[in-house]
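So the chains spell out like this:
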Amino acid sequence: QVQLVESGGGLVQAGGSLRLSCAASRITFSINTMGWYRQAPGKQRDLVATITSGSSTNYADSVKGRFTISRVNAKDTAVYLQMNSLKPEDTAVYYCSLVAGGRRYWGQGTQVTVSS
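I will try to describe carefully the structure that is included in this document.

Thresholds applied
- Counting starts from 1 at the beginning of each chain's written sequence and moves along it residue by residue.
- This being a predicted model, a pLDDT of at least 70 is required before a residue's local features are given, and a value of 80 or more before pairs of side-chain atoms are given or counted; all residues contribute to the totals for chains, interfaces and linings.
- Only hydrogens and water are set aside; all other atoms, that is, all heavy atoms of the structure, feed into the side-chain values.
- As used in this record, nonpolar core signifies buried Ala, Val, Leu, Ile, Met, Phe, Trp, Tyr and Cys residues forming a set joined through side-chain atoms within 4.5 Å.
- For each residue, the accessible area found with a 1.4 Å probe, counting protein chains only, is set against the maximum for its type, and the residue is called buried under 20%, exposed over 50%, and partly exposed in between.
- Secondary structure is summarised from DSSP: a helix means a run of H or I of at least four residues, a strand means a run of E of at least two, and numbering begins at the N terminus for each.
- Any two residues whose heavy atoms approach within 4.5 Å at even a single point are treated as in contact.

With that settled, consider the nonpolar core. Grouped together as the largest cluster of nonpolar side chains are 30 residues, with contacts concentrated most on Leu4, Trp36, Leu81, Met83 and Tyr94. Secondary structure elements with two or more residues in this core: β3 (18-25), β4 (33-39), β5 (46-52), β7 (67-72), β8 (78-83), β9 (92-100) and β11 (110-115). Tallying contributions element by element places β9 first for this core, with five residues. Setting aside anything within four residues of it in sequence, one finds methionine 83 in contact with Gly16, Ser17, Leu18, Leu20, Arg66, Phe67, Tyr94 and Val112.

In structure tokens:
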């Protein structure tokens, strides 16, 4: 069973930075897409950024130029989200996602709170 474990969330002031990490294990498909989504209270879960196993990236317009997604392809894959110039509207629970073999897997989520 695929496991995704996130870390790196926390409280930061507006304009600050955070780096989220997601460790993925037991991936049996070498071709996959990993990403980050976020969900604010009372809102739907939205795409933040994705990265394929070939390192092609995609970003939500709201985070372009501020967030950077990257990954390490090894026996156990890891994906990172460097978040700079954070805004209060970035406050949400951030979820790591893996799509492989026709299935999507989610991590447990990590809270990011940006104070004004």
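A few words now on unusual backbone geometry. Even without a glycine there, the phi angle at serine 55 is positive, about 75°. One can find serine 55 in the loop between β5 and β6 (57-59). On the basis of relative accessibility, which here comes to 45%, the residue serine 55 falls in the partly exposed class. One non-glycine residue, serine 85, adopts positive backbone phi at about 50°. Here serine 85 is to be found in the loop between β8 and β9.

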